[in-house]
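Architecture at a glance
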Amino acid sequence: MPQTRHLPLSPSSLGTTRTLTVHRFGTAGARPKVYLQAGLHADELPGLVVLQALLSRLQAAEQAGQITGEVVVVPVANPIGLDQHFQGQLLGRFETATGHNFNRRHLDPVKALLHRALPLMGEDPAENVAAARSVLRQEWLAAGGEDPHGRSEGDHLRHLLYGLAFDADLVLDLHCDWDAVMHTYTSTASWPQTAGVMRLLEAEAVLIAEESGGNPFDEALSLPWVRLASAAGERPVPMGCHSMTVELRGQTDISDSLATADADALLAVLTHWGALSGPQPELPAARCDATPLEAVDMVTAPAAGIIVYAGAVGSRVKAGDCLGWVVNPLGGDGISGSRVPFHSRTDGLIYGRLLQRLVRPGDTICKVAGDKPLAHRTGPLLTA
Ligand SMILES: [Zn+2]
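First things first, this report covers the structure right here in the doc. (Residues numbered from 1 in each chain as written. Predicted model: local features only at pLDDT ≥ 70, side-chain atom pairs only at ≥ 80, totals over all residues. Heavy atoms only, no water.)

Brief notes about the packing of aromatic side chains
Two descriptors summarise a pair of aromatic rings, namely the distance from one centre to the other and the angle between the planes of the rings. On inspection of all chains with the given rule, the structure shows three aromatic pairs. Taken together, a centroid distance of 6.0 Å and an interplanar angle of 5 degrees make the contact between Tyr162 and Phe166 stacked. Judged on exposure class, the residue Tyr162 and its partner Phe166 are both buried. Centre to centre, the rings of Tyr309 and Phe342 are 6.2 Å apart; their planes meet at 90 degrees, and the pair counts as edge-to-face. Pair noted here: Tyr309 is in strand E14 (residues 305-309) and Phe342 is in strand E17 (residues 338-343), with a separation of 33 residues, a long-range link. By relative accessible area, Phe342 is classed as buried at 3%. Lying across the ring of Trp325, Arg339 places its NZ or CZ 4.8 Å from the centre. Cation over ring: Lys367 sits above Trp178, and NZ or CZ is 4.7 Å from the ring centre. (Phe/Tyr/Trp six-rings, centres within 6.5 Å; stacked < 30°, edge-to-face > 60°. Buried < 20%, exposed > 50% of the residue type's maximum accessible area, 1.4 Å probe, protein only. Helix = DSSP H or I, 4+ residues; strand = E, 2+ residues; numbered from the N terminus. Lys NZ or Arg CZ within 6 Å of the ring centre and 35° of its normal.)

If you want it as structure tokens, here you go:
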């Protein structure tokens, strides 16, 4: 049986307490450590069902003595967001009180790491990783560890999740997009070491960036290593944590068949990384190469109205292709209406787009993964 804990979150109101459930398989401290969580954006539910399917597989693997590393699973990473119902709609992406995105503003230990770990770096890569992890742990403990430490419920959640994941060799943060094909985000420094994971997940797009802005969970875990390695110069500092955001298709892509296939793929990832014993899984052919995030065309709505998309999500397009129209029934002469087209500025794959159809000017309505950085892509690389 896994070791299961229910960590109480800092109460946000009198008389209420939420808990974060954590399952640990294998031996604490064994390597490799793999950490998986689902639903940090609480309106993104496919991962919850996938991890539920994975848990029963892990339990069987544990009973068969196949867990050689440590596997930590948080199947419901955001019990706060799951409680955000407004007039029949589940919200779940932003904290109600502050408007902060649950997947931004995670712990940023870069400064402390550079200050305290850089002088400890020597010639041995493994020793450097161990020393830096030790500093990261000390920083996390000094900032309160599991104690709420006066934090809000949302910040306490962030701190607990960080404490569970920061020393993992591999982190898979399961999200989904609105209407999308399977795709992933990871650090440029984790590519191509994580290519096997992407192949096992059969990702249609792999988006890489060092820093997209706002300190999302995956970058809070990877960026300290990028910065430390860069500051250490000749002294070797490998990526101590390969973290990635896995977008399990769209919000409504939930079925037993998908959950079974995805849980099997995650189990294969765990074997591929050596956290489970057993024959190495065969890697499916890569479905794509990595795309720098600057090469993603985030197409925005040119007008207010109702979207009529051309083609399907997952289609390949050329620069200049019409992706659809924004229809305004009150436009034109008031009888014939108006249709404003929108186009791709790159050759590439439509990997994500909206589920809802009513849009305002400037809303992101379609994402196309190209292969060449786009000149207009400046500022934060992801939407809020
Ligand atoms: Zn998300």
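Description of the coordination of the zinc ion
Within the protein, the atoms that donate to the zinc ion are His41 (ND1), Glu44 (OE), Glu44 (OE) and His175 (ND1), at distances of 2.1 to 2.5 Å. Taken together, the four donor atoms coordinating the zinc ion span angles of 55 to 144 degrees at the metal, a pattern that classifies the geometry as irregular. Expressed as a motif, the donor residue spacing for the zinc ion is H-x2-E-x130-H. With a gap of 134 residues between them, His41 in the loop between strand E3 (33-38) and helix H1 (46-63) and His175 in strand E7 (residues 170-177) connect regions that are remote in the sequence. Grouping residues by exposure puts His41 and His175 together as buried. (Donors = N, O, S within 2.8 Å, 3.2 Å for Na, K, Ca; no water. Tetrahedral: all angles 85-135°; square planar, octahedral: opposite > 155°, others 65-115°.)

Side note on the packing of H1 against helix H7 (residues 256-272)
Put simply, H1 and H7 touch, their axes get as near as 8 Å, and they point 55 degrees apart. Regarding the angle of H1 to H7, the classification is oblique. For the pair H1 and H7, the crossing hand works out as right-handed. Touching Val49, Val50, Leu51, Ala53, Leu54, Arg57 and Leu58 of H1 are Ala259, Thr260, Asp262, Ala263, Asp264, Leu266, Leu267 and Leu270, all from H7. A breakdown of the residues in the contact of H1 with H7 according to their chemical character gives eleven nonpolar, one polar and three charged. (Axes fitted to C-alpha atoms, helices over the stretch in contact; angles between N-to-C directions. Parallel < 35°, antiparallel > 145°, perpendicular 65-115°, else oblique. Left-handed = near helix turned anticlockwise from the far one by under 90°. Contact = heavy atoms within 4.5 Å. Nonpolar A, V, L, I, M, F, W, Y, C, P; charged D, E, K, R; others polar.)

Comments concerning the sheet that holds E17
Sheets are built from strands that pair by backbone hydrogen bonding, the pairs being arranged parallel or antiparallel. Pairing within the open sheet is antiparallel, and its four strands lie in the order E17-E16-E14-E19. Lying at the two open borders of the sheet, with one neighbouring strand each, are E17 and strand E19 (358-359). Looking at chain direction, E14 and strand E16 (residues 322-328) are connected through four bridges and run antiparallel. Directly across from Ile307, in E16, lies its bridge partner Val326. (Pairing = 2+ DSSP bridges.)

A word on the environment of Leu45
Considering the arrangement of structural elements, one finds Leu45 in the loop between E3 and H1. Residue classification places Leu45 among the partly exposed residues on the basis of a relative accessible area of 29%. When the C-alpha atoms of Leu45 and His175 are compared, they prove to be 7.6 Å apart, with 130 residues separating the residues in sequence.

Things to note about the pattern of salt bridges
Considering all chains together, one arrives at 23 salt bridges under this definition. Where Arg137 meets Asp167, a salt bridge forms, and the shortest distance between an N and an O atom there is 3.4 Å. Highlighted residues: Arg137 in helix H3 (residues 125-142) and Asp167 in the loop between helix H4 (153-165) and E7, separated in sequence by 30 residues. A relative accessible area of 12% places Asp167 in the buried class. As a salt-bridge pair, Arg360 and Asp363 come within 3.7 Å of each other at their nearest N and O atoms. Here Asp363 falls in the buried class, since its relative accessible area comes to 18%. (Salt bridge = Lys/Arg side-chain N within 4 Å of Asp/Glu carboxyl O.)

Brief notes about the sheet that holds E7
The sheet built from nine strands is open, its strands ordered E1-E2-E4-E3-E7-E11-E9-E10-E12 with mixed pairing. Edge positions in the sheet fall to strand E1 (3-8) and strand E12 (290-292), since each has one partner strand and no second. Averaged over neighbouring strand pairs, the angle between their axes works out to 20 degrees when direction is ignored. Pairing geometry for E3 and strand E4 (residues 70-74), over five bridges, is parallel. Bridged to Tyr35 within E4 is Val72. Those strands touched by H4 are E1, strand E2 (19-26), E3, E4 and E7, and its axis lies near 5 degrees from that of E2. Against the sheet, helix H6 (residues 217-232) engages E3, E7, strand E9 (183-186) and strand E11 (242-250), with an angle of about 155 degrees to E11.

Focus on the packing of H4 against H6
It is at 11 Å that the axes of H4 and H6 come closest, and there the two elements cross at 50 degrees. Considering the angle they form, H4 stands oblique to H6. You can see that H4 and H6 cross each other, and the crossing is right-handed. Contacts from Leu161, Tyr162 and Ala165 of H4 reach H6 at Phe217, Ala220 and Leu221. Residues belonging to the contact of H4 with H6 are distributed by class as follows: six nonpolar, no polar and no charged.

That's the geometry; what it means functionally is another story.
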